[in-house]
Each structure stands twice: as structure tokens, then as C-alpha cells.
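Geometric and topological summary
Given next are the chains, with one letter for each unit.
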Amino acid sequence: MPRTSDLSASERVIIGLLTFFLIIAFTLELYWIVFNDSLVARADHELFARLFQIYGDADRAYFDRITPMAIGLEQINVFVTQIVNVWLLWAIVQRVYYRHVLQLLVGSYLTYSVVLYFWAAHVTGYPDMRYQSPYTFFLFYAPNLPWLLGYAYMSLDSIRHLCARLRGDARA
């Protein structure tokens, strides 16, 4: 197994991003899956529910107008995507030959899902936004940017490595 010092800077960044995404998934997002039907009642005395109440100004589908679509998406994220993230972590550390193919698939899928979330809200006029203001637009976009930028970075990193391999650059 390679030592941490044997990992490139981009590999360390990607491991950090994946670790962050796993922590959020198994804390905040799992909390939402378990308690989504009682967030309003919990918001006065539980931190995570209060955070969803704040975010609810930007997207009520995650606080007081929860939809089956939001529940399904979060369940897939927590119970499927995180397994793939752990697999990717393992593939990076073990230097598995298909690591960049897996990373490109995961990165592309998650980048696409965030863009789709943003686009769907935009083209429908932000129907789940309590009111439209610079604050609520910031609240809608900013918390989701780590996923968009992080997974886009992973995709681009793998595209760079895979293209180098196709050119015959053995260092990739």
C-alpha cells in the first residue's frame, strides 16, 4: 500500500474531497433521510433540523415541502453513491488500474446531478424557493458548490490522465 507521501497532490485533494462528502453523507444527509418528516418540529431544538430550516428558504423540498423525488435522490446519494466513493478511495490508494475510469464515471455523474438540480430549479422559476432575493439565491447555490466543483475537478483530473494514456504517455 502506498504511503501518503507517495500520493500526488491531486490524489490527496481528491481523497480529502471524498472524505468530506462521506462525512456529510453519513451525518447531515443521513439525518435528513431519517427525520425528514419531522424537521419542522425539530428545528427549534436540533442543529441539523435548524440548518435545513435555513436552507428551506432556498429549497422548501428539503424542509417543509418534502417531495418523494428529494427523498429518493438523497437515499441514492447516501446508500449508493457513498459506496462508490469508498470504492474510489480504495482504488486511489491501491493504485488500481481502472481508478480513473471509475473516477470519471463518479465525477461526471455527480457533476451532472448538481447541474441538473440547478437547471431544473432555474427553468421552472425556483418554485420551492420561499422568496427570491440575493440571500436565497446564495443559499441555494453556495452549499451545493463543493459537490459541483469537487466532482468536476475529479472528472477533469481523470480526463487529463486518460487522455495522456491514450497519447501513449506512460507517466499518466
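Residues numbered from 1 in each chain as written. Predicted model: local features only at pLDDT ≥ 70, side-chain atom pairs only at ≥ 80, totals over all residues. Heavy atoms only, no water.

**Concerning the overall build of the protein**
Keep this limit in mind: A helix here means a DSSP run of H or I that spans at least four residues, while a strand means a run of E at least two residues long, and both kinds are numbered starting from the N terminus. Only protein chains enter the area calculation, which uses a 1.4 Å probe; residues under 20% of their type maximum are buried, those over 50% are exposed, and those in between are partly exposed. Here, Shrake-Rupley sampling with a 1.4 Å probe gives the accessible areas, and only protein chains in the shown set may cover a residue. Positive charges come from Lys and Arg, negative ones from Asp and Glu, while His and the chain ends are left out of the count. Where a charge lies is defined by one atom per residue type: Lys uses NZ, Arg uses CZ, Asp uses CG and Glu uses CD.
Helices and strands together make up the secondary structure of the protein, namely seven helices and zero strands. In sequence order, the secondary structure elements of the protein are arranged as α-α-α-α-α-α-α. Overall, the C-alpha framework of the protein stretches about 55 × 30 × 25 Å when taken along its three principal axes. Taking all 172 residues of the protein together, the buried fraction comes to 40%. Taken as a whole, the protein presents about 9,800 Å² of accessible surface, with 70% of it coming from carbon and sulfur. Side chains of the protein carry 13 positive and 13 negative charges; the gap between the two charge centres is 11 Å.

**Some remarks on the environment of Ile76**
Mapping Ile76 onto the fold places it in helix H4 (residues 68–94). In this structure Ile76 comes out as partly exposed when scored by relative accessible area, which is 40%. Sequence spacing of Ile76 and Ala121 is 45 residues, and the spatial spacing of their C-alpha atoms is 20 Å.

**So, the nonpolar core**
Convention followed: The definition of a nonpolar core used throughout is a set of buried Ala, Val, Leu, Ile, Met, Phe, Trp, Tyr and Cys residues joined through side-chain atoms within 4.5 Å. The contact criterion used throughout is that any non-hydrogen atoms of two residues lie within 4.5 Å.
Counting 41 residues, the largest nonpolar core has Leu18, Trp32, Leu39, Phe140, Tyr151 and Met154 as its most contacted members. Among the elements of the structure, helix H1 (9–35), helix H3 (47–56), H4, helix H5 (99–123), helix H6 (134–141) and helix H7 (145–167) are those that each provide at least two residues to this core. The element best represented in this core is H1, accounting for ten residues. In this view, Met154 contacts Ile14, Leu17, Leu18, Phe21, Leu88 and Gln103; residues no more than four positions away in its chain are not counted.

**Some points on the packing of H1 against H7**
This is how the line gets drawn: Axis lines are fitted to C-alpha atoms, over the contacting stretch for helices. Their N-to-C directions set the angle, which ranges from 0 to 180 degrees. Each crossing gets its hand from how the near helix is turned against the far one by less than a right angle, where anticlockwise is left-handed and clockwise is right-handed.
Orientation of H1 relative to H7, taken along the N-to-C sense of each, is 145°, at an axis distance of 11 Å. For the pair H1 and H7, the crossing hand works out as left-handed. The residues of H7 that touch H1, namely those facing Ser10, Val13, Ile14, Leu17, Leu18, Phe20, Phe21, Ile24 and Glu29, are Pro146, Trp147, Gly150, Tyr151, Tyr153, Met154, Asp157 and Arg160.

**Structural notes on the layout of surface pockets**
Inclusion rule: The definitions used throughout rest on a 1 Å grid laid over the protein atoms alone, on which a cavity is an enclosed set of points accommodating a 1.4 Å probe that cannot get out and a pocket is an open set flanked by protein within 12 Å on both sides along at least five of seven lines; lining residues are those having an atom within 4 Å of a point. Grid points are joined across faces, edges and corners, and a volume is the space filled by probe spheres set on the points. Each residue gets one label: Ala, Val, Leu, Ile, Met, Phe, Trp, Tyr, Cys and Pro are nonpolar, Asp, Glu, Lys and Arg are charged, and the others, such as Gly, are polar.
Reported here for the largest pocket is a volume of approximately 1,200 Å³. For the lining of the largest pocket, the secondary structure elements donating two or more residues are H1, H3, H4, H5 and H6. Counting residues per element, the lining of the largest pocket draws most heavily on H5, which supplies nine residues. Looking at the lining of the largest pocket, its residues break down into 30 nonpolar, six polar and four charged.

**What about unusual backbone geometry?**
Unusually for a residue other than glycine, Arg95 sits at a positive phi of about 55°. Here Arg95 shows up in the loop between H4 and H5. Take Arg95: its relative accessible area is 41%, and that puts it in the partly exposed class. The backbone of Tyr126 shows a phi angle near 55°, a positive value even though the residue is not glycine. Mapped onto the elements of the fold, Tyr126 is located in the loop between H5 and H6.

**Side note on the pattern of salt bridges**
Oppositely charged side chains may form a pair once their charged atoms are brought near each other. Stated precisely, the cut-off is as follows: What counts as a salt bridge is simple: a side-chain nitrogen of Lys or Arg found within 4 Å of a carboxyl oxygen of Asp or Glu.
Under the counting rule described, the total for this entry stands at nine salt bridges. A salt bridge links Arg95 to Glu11; the nearest nitrogen and oxygen atoms lie 3.1 Å apart. A residue pair is termed long-range when its members are at least 10 positions apart, and Arg95 in the loop between H4 and H5 and Glu11 in helix H1 qualify at 84 residues. Salt-bridge contacts for Arg60 lead to Asp64; the nearest nitrogen and oxygen are separated by 2.9 Å. By relative accessible area, which is 30% here, Asp64 ends up partly exposed. Several salt bridges share partner residues, and in doing so they unite Glu11, Arg95, Arg99, Asp157 and Arg160 into one network.

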